[in-house]
Amino acid sequence: MVRIERLVTSGTFSLDGETFDVDNNVWIVGDDEEALVIDAAHDAGAIFDALGGRRAVAIVCTHGHDDHIDAAPEVALRTGAPILLHPDDLPLWHMKHPALEPNTHLTDGQPIVVAGASLTVLHTPGHTPGAVCLHLPEQGVLFSGDTLFEGGPGATGRSFSDKPTILRSITERLLTLPPETVVHTGHGPDTTIGAERDNVH
């Protein structure tokens, strides 16, 4: 069984001419030998230290907002790990990293294997066009990025976002998971699929 570690990093989120201070959850999934980084946010040094010498299998970006991808290039450089992003979020990626391309484009249903465990990519547009979640069924866990939080859906009030789309994604792709599924979010505390059923509207 893989270990799941949460690292909280602090920085800013900028879009539509505004900047906000934010704390992000960086998720590291793996064992003593290798690990997967989900959302390399803000502090490449802290992420590198948290890996503790383990081989980084990949850096998965749940979406292209700058607070979730700002440290990805440096973590990739220091670890040799590829950066994975859904292609629908390339316009957002290029706002932050105009001269750099992700190594791999994520696709819906794609498996990502680390330490013998397989996570499934779920394309869940709405917060951004290329937003994804990662489902680890053997441990009853979902990494939701900014698609679903404690209290309901992620924000849709900015460019590239759409509320009807995120509600459809959550209803069709996430609320169909077992209610006891633990949701590890991009910011703030964990929740469960069952706890959020009444908050999606």
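As the structure is a computational prediction, the values presented were derived from the model and not from experiment. Per chain, residue numbering runs from 1 following the sequence as it is written. The predicted nature of this model means local features are confined to residues of pLDDT at least 70 and side-chain atom pairs, given and counted, to a pLDDT of 80 or more, with totals for whole chains, interfaces and linings taken over all residues. With hydrogens and water set aside, each side-chain value is computed from the structure's full complement of heavy atoms.

S.K.: How would you sum up the overall build of the protein? Please name residues and give values.
M.R.: Broken down by element type, the protein carries six helices and 14 strands. Radius of gyration here is computed from C-alpha atoms only, and the compact-globule reference equals 2.2 Å multiplied by the residue count raised to the power 0.38. Computed over C-alpha atoms, the radius of gyration of the protein comes to 15 Å, within 12% of the 17 Å expected from 2.2 N^0.38 for 201 residues, which places it in the range of a compact globule. Based on the C-alpha atoms only, the size of the protein along its principal axes is roughly 45 × 40 × 30 Å. With a 1.4 Å probe rolled over the protein chains alone, any residue whose accessible area is under 20% of its type maximum counts as buried; one over 50% counts as exposed, and the rest are partly exposed. Every one of the 201 residues in the protein was classed for burial, and the buried ones make up 53%. Residue contacts are defined here by distance: any two heavy atoms, one from each residue, within 4.5 Å place the two residues in contact. The contacts in the protein between residues at least 6 apart in sequence include a share of 54% that link residues at least 24 apart. Element-wise, carbon and sulfur atoms account for 51% of the exposed surface of the protein, whose accessible area totals about 8,200 Å². Neither His nor the chain ends is counted toward charge; the positive residues are Lys and Arg and the negative residues Asp and Glu. The location of each charge is read from NZ of Lys, CZ of Arg, CG of Asp or CD of Glu. Distance from the positive charge centre (11 side chains) to the negative charge centre (29 side chains) of the protein: 2 Å. In this text, helices come from DSSP runs of H or I with a minimum length of four residues, and strands from runs of E with a minimum of two, each type numbered from the N-terminal end. Under the convention used here, a 1.4 Å probe and the Shrake-Rupley method define accessible areas, while residue burial counts only the protein chains that appear.

S.K.: Before we move on, can you summarise the confidence of the model for the protein with the specific residues and values?
M.R.: A residue's pLDDT is simply how confident the predictor is in it, with values from 0 to 100. Predicted confidence across the protein gives a mean pLDDT of 98, with 100% of residues reaching 70 or more. Of all secondary-structure elements in the protein, the lowest mean pLDDT belongs to strand 6 (residues 104–105), at 96, while strand 9 (residues 132–136) reaches the highest, 99.

S.K.: Break down the sheet that holds strand 14 (residues 191–192) for me, citing the residues and quoting the values.
M.R.: The strands that make up a sheet are held in pairs by hydrogen bonds between backbone atoms, and each pair lies either parallel or antiparallel. Ordered by their spatial adjacency, six strands build an open sheet running 7-8-9-10-13-14, and the pairing between neighbours is mixed. Looking at which strands have only one partner, the edges of the open sheet turn out to be strand 7 (111–114) and strand 14. Sheet topology places strand 13 (residues 182–185) next to strand 14; two bridges connect them, and they run antiparallel. When the sheet's bridge partners are listed, Val 182 is paired in strand 14 with Thr 192. Whether two strands pair depends on DSSP finding at least two bridges between them.

S.K.: Lay out the pattern of salt bridges with the relevant residues and their values.
M.R.: Within this document, salt bridges are pairs made up of a side-chain nitrogen of Lys or Arg and a carboxyl oxygen of Asp or Glu, the two lying within 4 Å of each other. One pass over the full model with this rule turns up eight salt bridges. In this structure, Glu 5 and Arg 3 form a salt bridge, with 3.7 Å as the shortest nitrogen-oxygen distance. Arg 3 gets classed as partly exposed once you look at its relative accessible area, which sits at 37%. Here Arg 6 makes a salt bridge to Asp 190, at a shortest N to O gap of 3.2 Å. Of the two residues, Arg 6 sits in strand 1 (residues 3–15) while Asp 190 sits in the loop between strand 13 and strand 14, which places them 184 residues apart along the sequence. Since its relative accessible area comes to 37%, Arg 6 is described here as partly exposed. The exposure class assigned to Asp 190 is partly exposed, which follows from its relative accessible area of 27%. Where salt bridges share partners, they join Arg 3, Glu 5, Asp 32 and Arg 54 into one cluster.

S.K.: Got a sec to walk through the pairing of strand 9? Specific residues and values, please.
M.R.: Strand 9 sits mainly inside the fold: five of its five residues count as buried. A two-sided burial pattern is seen for strand 9, the buried positions comprising Val 132, Leu 134 and Leu 136 on one face and Cys 133 and His 135 on the other. Where strand 9 meets strand 10 (residues 141–145), three bridges bridge the pair, whose relative direction is antiparallel. By the bridge assignment, Leu 136 is partnered in strand 10 with Val 141. Hairpin connection, strand 9 to strand 10: the antiparallel pair is bridged by four residues, and Gly 140 has positive phi, about 65°.

S.K.: Requested: an account of the packing of aromatic side chains, with residues and values cited.
M.R.: Here the aromatic set is Phe, Tyr and Trp, taking the six-membered ring for Trp, and pairing holds for ring centres within 6.5 Å; pairs whose planes are under 30 degrees apart are stacked, those over 60 apart are edge-to-face, and all others are tilted. The final tally for this structure, using the stated rule, is one aromatic pair. Lying across the ring of Phe 48, Arg 78 places its NZ or CZ 4.5 Å from the centre. Over a ring means this: the NZ of a Lys or the CZ of an Arg is within 6 Å of the ring centre and within 35 degrees of the ring normal.

S.K.: I'd like to hear about the pairing of strand 3 (residues 34–38), residue by residue, with values.
M.R.: Burial within strand 3 is extensive, with five of its five residues counted as buried. In terms of strand pairing, strand 2 (residues 18–30) meets strand 3 through four bridges, oriented antiparallel. Residue pairing for strand 3: Trp 27 is matched across the bridge by Ile 38. Turn length for the strand 2-strand 3 hairpin, with the two strands adjacent in sequence and antiparallel, is three residues. The parallel pair strand 3 and strand 4 (residues 55–60), bridged by helix 1 (residues 44–51), forms a crossover whose chirality is right-handed. For the handedness criterion, the strands are oriented away from the viewer, and a crossover whose path from the first strand over the helix to the second runs clockwise is classed as right-handed.

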